[in-house]
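# Structure assessment
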Amino acid sequence: MSHDALRQLRALHWLPASSPQLSAPLLDWLMEEDSMTRRFEQHCQQVTVKLIREVFIGAEEISEEAEFLPADPRFWLREIVLCGDGEPWLIGRTVVPESTLNGPEQMLQQLGTRPLGRYLFSSSTLSRDFINPGQVGDLWGRRSRLRLSGKPLLLTELFLPASPLYRALDQG
């Protein structure tokens, strides 16, 4: 499942937030400025992380993500599945330039099964440059460049079919 979902995440088609395909309930989820982990916690007892991979990769492996990041030779890649009560809700891909990983930001390499949002949103130095909504088939996702102490990282998220986002759309 995770490899298919990662392929789908990489195939997201990016849309402007003004796209008529994006309903108000959908935008409410996709343009969430706060931690998605926190948002998911409102819909389950426990949010957990299944680690797919954490590894340094070369610049040649980040393709279109490169336009949003500095031209570093290496990047820290973290791919995870975020689960609500054991059910896969979101697949996440974080690309962090090696130049971002100095000072307290070195912790990004040691998150393991801790949700990224718990780390990022506890920082007083966090800012967000943009959120791009995206779609692949019937699934929705988003891409966001965040900064810790002004240093960038790119987070791409794909909402899996069991995600509460889709329940919100069914009710809307």
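Residues numbered from 1 in each chain as written. Predicted model: local features only at pLDDT ≥ 70, side-chain atom pairs only at ≥ 80, totals over all residues. Heavy atoms only, no water.

### Let's talk about empty space enclosed by the protein
Rule in force here: Using only the protein atoms, space was sampled on a 1 Å grid; points where a 1.4 Å probe fits but cannot get out form cavities, open sets with protein on both sides within 12 Å along at least five of seven lines form pockets, and lining residues are those with an atom within 4 Å of a point. Grid points are joined across faces, edges and corners, and a volume is the space filled by probe spheres set on the points. Where helices and strands are cited, they refer to DSSP runs of H or I of at least four residues and of E of at least two residues respectively, numbered from the N terminus.
Summed over the entire model, instances satisfying the criterion amount to one cavity of 30 Å³ or more. For the largest cavity, the calculated volume is near 210 Å³. Around the largest cavity, the lining comprises 22 residues; the ones closest to its centre are T37, L116, G117, L155 and E157. When contributions to the lining of the largest cavity are tallied by element, the ones reaching two or more residues are α3 (36-41), β3 (74-84), β4 (87-97), α4 (116-120), β6 (139-148) and β7 (151-159).

### Describing the environment of G86
Short version of the rule: Relative accessible area decides the class of each residue, using a 1.4 Å probe on protein chains only: under 20% of the type maximum gives buried, over 50% gives exposed, and in between gives partly exposed.
When you line up the elements, G86 lands in the loop between β3 and β4. Taking the relative accessible area as the measure of exposure, G86 reaches 48% and is therefore partly exposed. Taking C-alpha positions, G86 is 32 Å from T100, a pair spaced 14 residues apart along the chain.

### Notes on the environment of S144
Stated precisely, the cut-off is as follows: Contacts are assigned to residue pairs that have any heavy atoms within 4.5 Å of one another. Pairing of N or O atoms within 3.5 Å defines a polar contact, subject to two protein rules: one partner must be a possible hydrogen donor and the other a possible acceptor, and residues neighboring in sequence count only if both atoms are side-chain atoms.
The residue S144 is located in strand β6 in this model. It is 16 Å that separates the C-alpha atoms of S144 and T100, two residues lying 44 residues apart in sequence. If near-sequence neighbours (up to four positions away) are discounted, S144 is found in contact with R128, F130, I131, L153, L154 and L155. Among the polar contacts listed, one links the side chain of S144 to the backbone oxygen of F130, at a separation of 3.0 Å.

### Concerning the side chain of S35
Counting through the fold element by element, S35 comes out in the loop between α2 (24-30) and α3. Assessed through its relative accessible area of 3%, S35 is described here as buried. In terms of polar contacts, S35 uses its side chain to reach the backbone amide nitrogen of T37, at 3.2 Å. Once you skip the residues sitting within four places of it in the chain, S35 turns out to touch G117 and F121.

### Thoughts on the sheet that holds β3
Quick reminder of the rule: Note on pairing: DSSP must find at least two bridges between two strands before they are called paired. To get an axis, fit a line to the C-alpha atoms, keeping to the stretch in contact for a helix; angles then go from 0 to 180 degrees between the N-to-C directions.
Judged by pairing direction, the sheet is antiparallel, and its seven strands sit side by side in the order β1-β5-β6-β7-β4-β3-β2 without closing on themselves. Among the strands making up the open sheet, the edge pair consists of β1 (13-14) and β2 (47-58). Where helix α5 (residues 164-171) meets the sheet, it contacts β4, β6 and β7, and its direction lies at approximately 125 degrees from that of β6.

### Details of unusual backbone geometry
Although it is not a glycine, S63 adopts a positive phi angle of roughly 40 degrees. Relative to the helices and strands, S63 is located in the loop between β2 and β3. One non-glycine residue, D85, lies in the positive phi region at around 50 degrees. Following the sequence through the fold, D85 ends up in the loop between β3 and β4.

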